[in-house]
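As a plain string of letters, each chain reads:
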Amino acid sequence: MTRIALVFPGQGSQQVGMGRDFWEQVPEARELFEMGGQALGFDLARLCFEGPQDTLTLTANAQPAILAVSMAAFAAFHREGIRFDYVAGHSLGETSALVAAGSIRFEDAICMVRKRGEFMQEAVAPGIGAMAAILGLERETILEVCEEAGRTGVVEVANFNGPGQIVIAGVTEAVERAIDLARNRGAKRAVRLQVSAPFHCSLMRPAGERLAGVLETFPIVDPAVPLVNNADAELLTKGVEIARSLIRQVSSPVRWEEVVRRLVKEGVSLFVELGPGKVLTGLIKRIAKEALALHAEDVDSLRIALKQVRAIA
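Residues numbered from 1 in each chain as written. Predicted model: local features only at pLDDT ≥ 70, side-chain atom pairs only at ≥ 80, totals over all residues. Heavy atoms only, no water.

Details of the overall build of the chain
Consideration 1: Secondary structure summary: the chain contains 14 helices and 10 strands in total.
Consideration 2: Overall, the C-alpha framework of the chain stretches about 55 × 45 × 35 Å when taken along its three principal axes.
Consideration 3: Considering the chain as a whole, with its 313 residues, one finds that 57% of them fall into the buried category.
Consideration 4: Put simply, the chain shows about 13000 Å² of open surface, and 50% of that area lies on carbon and sulfur atoms. (Helix = DSSP H or I, 4+ residues; strand = E, 2+ residues; numbered from the N terminus. Buried < 20%, exposed > 50% of the residue type's maximum accessible area, 1.4 Å probe, protein only. Areas by Shrake-Rupley, 256 points an atom, 1.4 Å probe, with all protein chains shown as cover.)

Thoughts on the pairing of strand E10 (residues 292-296)
Consideration 1: Taken across its five residues, E10 has four buried, putting it largely inside the fold.
Consideration 2: Here strand E9 (residues 268-274) pairs with E10 via five bridges, running parallel. The residue bridging leucine 274 from the neighbouring strand is alanine 296, located in E10.
Consideration 3: The parallel pair E9 and E10, bridged by helix H13 (residues 279-287), forms a crossover whose chirality is right-handed. (Pairing = 2+ DSSP bridges. Right-handed = clockwise from strand over helix to strand, strands pointing away.)

Focus: the side chain of threonine 95
Consideration 1: Residue placement: threonine 95 occurs in helix H6 (residues 93-100).
Consideration 2: In this structure threonine 95 comes out as buried when scored by relative accessible area, which is 2%.
Consideration 3: Once you skip the residues sitting within four places of it in the chain, threonine 95 turns out to touch Leu67, Ala109, Met112, Val113 and Leu246. (Contact = heavy atoms within 4.5 Å.)

Examining the sheet that holds strand E4 (residues 155-162)
Consideration 1: Pairing in this open sheet of four strands is antiparallel, and the strands run E4-E5-E3-E6 from one edge to the other. Only two strands of the sheet have a single partner each, and these edge strands are E4 and strand E6 (189-192). Strand after strand, the sheet turns through a mean of 20° between neighbouring axes, direction not considered.
Consideration 2: Relative to strand E5 (residues 165-171), E4 runs antiparallel, the two sharing six bridges. Across the sheet, the residue bridging to asparagine 159 is valine 167, located in E5. (Axes fitted to C-alpha atoms, helices over the stretch in contact; angles between N-to-C directions.)

So, unusual backbone geometry
Consideration 1: Put simply, glycine 51 and proline 52 share a cis peptide bond, and its omega is 5°.
Consideration 2: Its place among the elements puts proline 52 in the loop between helix H3 (44-50) and helix H4 (53-57).
Consideration 3: Despite not being glycine, histidine 200 has its phi angle at roughly 55°, a positive value.
Consideration 4: Looking at the secondary structure, you find histidine 200 in the loop between E6 and helix H10 (205-215).
Consideration 5: Even without being glycine, alanine 233 reaches a positive phi, approximately 55°.

Structural notes on the packing of aromatic side chains
Consideration 1: A full pass over the atoms with the stated rule returns four aromatic pairs.
Consideration 2: Arranged with centres 5.4 Å apart and planes meeting at 65°, the rings of phenylalanine 33 and phenylalanine 49 form a pair that is edge-to-face. Placement of the pair is phenylalanine 33 in helix H2 (residues 27-40) and phenylalanine 49 in helix H3, with a sequence separation of 16 residues. One exposure class covers both phenylalanine 33 and phenylalanine 49, and it is buried.
Consideration 3: Across the ring face of tryptophan 23, the terminal group of arginine 30 is positioned such that the distance to the ring centre comes to 4.0 Å.
Consideration 4: Between arginine 139 and the ring centre of phenylalanine 160, over which it is positioned, the NZ or CZ distance is 4.1 Å. (Phe/Tyr/Trp six-rings, centres within 6.5 Å; stacked < 30°, edge-to-face > 60°. Lys NZ or Arg CZ within 6 Å of the ring centre and 35° of its normal.)

So, the nonpolar core
Consideration 1: If you look at the biggest cluster of nonpolar residues, it comprises 78 residues, and the most contacted ones within it are Leu6, Phe22 and Leu274.
Consideration 2: In terms of residues, this core owes the most to one element, helix H5 (residues 59-78), which gives 13 residues.
Consideration 3: Residue contacts for leucine 6: discarding those within four places in its chain leaves Phe74, Phe77, Phe84, Tyr86, Val87, Ala88, Val272 and Leu274.
Consideration 4: Membership of the second largest hydrophobic core comes to 22 residues, among which are Ile134, Val171, Val175 and Ala182. (Core = buried A, V, L, I, M, F, W, Y, C linked by side-chain atoms within 4.5 Å.)

Considerations on the environment of arginine 310
Consideration 1: Mapping arginine 310 onto the fold places it in helix H14 (residues 299-312).
Consideration 2: Not counting residues up to four positions away in its chain, the partners in contact with arginine 310 are Glu80 and Ile82.
Consideration 3: There is a polar contact of 2.6 Å between the side chain of arginine 310 and the side chain of glutamate 80. (Polar contact = N/O pair within 3.5 Å; in protein donor to acceptor, adjacent residues only side chain to side chain.)

Right, here's the structure in full:
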């Protein structure tokens, strides 16, 4: 029997117009947008459908917006009655995965990620931190680069996205130094990312501490299917473990390559990305060439994915 993992995208996948056709054609999806807007106190659907882009891209807005669209896609997928065996998500997407697995209620999750975005934005003053993508270098080389550049300030690996694709984060001066060192070591590309804060590094620990207080205000129950978490690429099946992992995840690197490899080790041969964009689908195809990776970011791509899933599941 084919084992299926549902995966959910993180920040950066947002785009104006996302989720509109789910809202128009899937009653369960429309209900989610309305519920999210009521919980947040503003028109979440309008933010997703009309933007503007600079407003949608703000961390505190992007995180609940992507969560809502991801869960709209999940609602459209789930009503077809297709079972799934595991869930995972990239950074913010880990919360979407937990909603899909029944560990966190949607209305709690939407408020939590709004606060998460605010806390992450406020942890480091604008201009103090930066992130950069390093392409074409081995993991060990980038760790050496970070160690050398770290003499001028914090710089750490933030995302192990896939073979030859790693993101670093830290104070701006140290990140710029690391970019220079990576280029000298033969990186194909080493470029600053247009982000508002240095996510998933130790500078985010204050955000994690603040998030811990929010997580205490609502229940996190055992998921219906295991989550493979970002911080350790381990199977989590208990609500208590999940709460601790969500706190650590804010300041820990996203081990996406290890997450995918762990799922394959567990027997997963079919991945379905639910939510805006198809970044994770592309990464999975590079990490696990033996697996099939599909995406569903709108009604048309969902139909295509469902047809393929039914053919092999």
